[in-house]
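One-letter residues, chain by chain:
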Amino acid sequence: MTVIDVFAHILPPKFLTQMQALNPQILDPFPYMKNALLTDLDQHKVSLPADHQQVLSAVNLNPEDFFEPDQAAELCRSANAELADIVRANRDVFPAGVAMLPMNNVPAALQIINEQVAGSDALVGVQLFTRAKGESIAAPVYRPIFAKLAEVGAPIWLHPVFDDRKPDNNLSFSWEYELTQAMDSIVAAGYFRQFPELKVIVHHAGAMIPFFSQRIKYIQSAENYADFQKFYVDTAILGNPQALDLAASFFGRDHVLFGTDSPFGIPPVGPTAVIEDAVKHMALTPVEQQQIFSGNWLRLSGQKEA
């Protein structure tokens, strides 16, 4: 049985070299990015269990946070080309990649979607973050990106970042809150109704939404409640089959995809074994379990199961 991890990270080495050439101290605020498994692809591949594949997205070293719009766009293009080459050279373990976008240059972001994602044999979607340049990802300035991705049928991978306005951010809880707020903003903006083909894969099992789903049901509208159930979610909560069952109950078992956040979470090689064991202890039939391990991703990405 092949297991496909839809939310695993690398830091493309040529891209990192380009970023460091422009800012030699660029990794100093991010010690967790100094992880050899992010940049040493041979070591990364050796760390994977047998019969496991990973859909790769870049760790959140985003060019728009450091450089002006045109330069950010060129760095994203270069990183995307490098990631596509990595996929093509390693399809046995990396069947697909997820593109970066320069969020301080929306016109260039739309061009990148057209030129590097739409119709690509390697890059199947884009990674967006809960906030960009101090704005919610659902801010009107970013609406054309959602429209374009729905038009070309490419999913969004939604990853959390801290809200820099808050003085007490922490990894245990803040990112889950930020994901929840971003999901709420996407629903409130009406994007699922405006763009019926929109697909959004949310990190960390949909964060707070499953636990507070009844508050959504009775506080918000029936239309909003239904829209929250249109998100796809991964399993990257470091175990806890009961919590994964809650997520599957709310979003539907066909909207849960195996994802780990590797190589982060549990040193030295990530939490794959712990999360895989949690999925095996969910209240699932064998068919439903296989859907989470690979079938739901294959269906979402338009592929056929073996």
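Above this text sits the structure in question.
These numbers come from a predicted model, not from an experiment. (Residues numbered from 1 in each chain as written. Predicted model: local features only at pLDDT ≥ 70, side-chain atom pairs only at ≥ 80, totals over all residues. Heavy atoms only, no water.)

Observations regarding the nonpolar core
Turning to step 1, where the next piece is worked out: By size, the foremost hydrophobic cluster in this structure holds 87 residues, and its most contacted members are Ile145 and Phe231.
Turning to step 2, where the next piece is worked out: Considering each element in turn, this core owes the most residues, seven residues, to helix α4 (residues 69-89).
Turning to step 3, where the next piece is worked out: Contact partners of Ile145, with chain neighbours within four places excluded, come to Leu101, Met103, Val106, Ala109, Leu110, Ile113 and Leu128.
Turning to step 4, where the next piece is worked out: Counting residues in each nonpolar core, the second largest holds 13 residues, with Ile4, Phe7, Trp157 and Leu257 among its members. (Core = buried A, V, L, I, M, F, W, Y, C linked by side-chain atoms within 4.5 Å. Buried < 20%, exposed > 50% of the residue type's maximum accessible area, 1.4 Å probe, protein only. Helix = DSSP H or I, 4+ residues; strand = E, 2+ residues; numbered from the N terminus. Contact = heavy atoms within 4.5 Å.)

Thoughts on the pattern of salt bridges
Turning to step 1, where the next piece is worked out: In this structure the tally under the stated criterion is 15 salt bridges.
Turning to step 2, where the next piece is worked out: Salt-bridge contacts for Asp121 lead to Arg88; the nearest nitrogen and oxygen are separated by 2.8 Å. Pair noted here: Asp121 is in the loop between α5 (106-117) and β4 (123-129) and Arg88 is in helix α4, with a separation of 33 residues, a long-range link.
Turning to step 3, where the next piece is worked out: A residue is classified by how much of its surface remains accessible, and Arg88, at 41% relative accessible area, is partly exposed.
Turning to step 4, where the next piece is worked out: The shortest N-O distance in the salt bridge between Glu276 and Lys280 comes to 3.6 Å. Highlighted residues: Glu276 and Lys280, both in helix α12 (residues 272-280), separated by four residues, approximately one helical turn.
Turning to step 5, where the next piece is worked out: Residue class for Glu276 comes out buried when judged on its relative accessible area of 11%. (Salt bridge = Lys/Arg side-chain N within 4 Å of Asp/Glu carboxyl O.)

Looking at the packing of aromatic side chains
How two aromatic rings sit relative to each other is given by the distance of their centres and the angle of their planes.
Turning to step 1, where the next piece is worked out: Under the counting rule described, the total for this entry stands at 14 aromatic pairs.
Turning to step 2, where the next piece is worked out: Taken together, a centroid distance of 6.5 Å and an interplanar angle of 80° make the contact between Phe30 and Tyr32 edge-to-face.
Turning to step 3, where the next piece is worked out: For Tyr32, a relative accessible area of 34% gives the class partly exposed.
Turning to step 4, where the next piece is worked out: Of the aromatic side chains, those joined through ring pairs into one cluster are Phe30, Tyr32, Phe66, Phe67 and Phe264. (Phe/Tyr/Trp six-rings, centres within 6.5 Å; stacked < 30°, edge-to-face > 60°.)

Comments concerning α4
Turning to step 1, where the next piece is worked out: Taking 1.5 Å of rise per residue, the 21 residues of α4 would be expected to cover 30 Å, and the 30 Å separating its terminal C-alpha atoms lies within 8% of that figure.
Turning to step 2, where the next piece is worked out: Of the positions making up α4, those classed as buried are Ala72, Ala73, Leu75, Cys76, Arg77, Ala79, Asn80, Glu82, Leu83, Ala84, Ile86 and Val87. (Expected span 1.5 Å × (residues − 1).)

Overview of unusual backbone geometry
Turning to step 1, where the next piece is worked out: For the peptide bond that leads from Ser262 to Pro263, omega is 10°, which places it in the cis range.
Turning to step 2, where the next piece is worked out: Inspection of the secondary structure assignment puts Pro263 in the loop between β10 (256-257) and α12.
Turning to step 3, where the next piece is worked out: A cis amide bond links Pro267 to the next residue, Pro268, at an omega of 0°.
Turning to step 4, where the next piece is worked out: Of note, Pro268 is situated in the loop between β10 and α12.
Turning to step 5, where the next piece is worked out: For Leu238, which is not a glycine, the phi torsion comes out positive at approximately 60°.
Turning to step 6, where the next piece is worked out: Tracing the sequence through the fold places Leu238 in the loop between β9 (232-234) and α11 (241-251).
Turning to step 7, where the next piece is worked out: Note on Leu238: relative accessible area 44%, which makes it partly exposed.
Turning to step 8, where the next piece is worked out: Of note, Asn240 is a non-glycine position whose phi angle comes to about 65°, a positive value.

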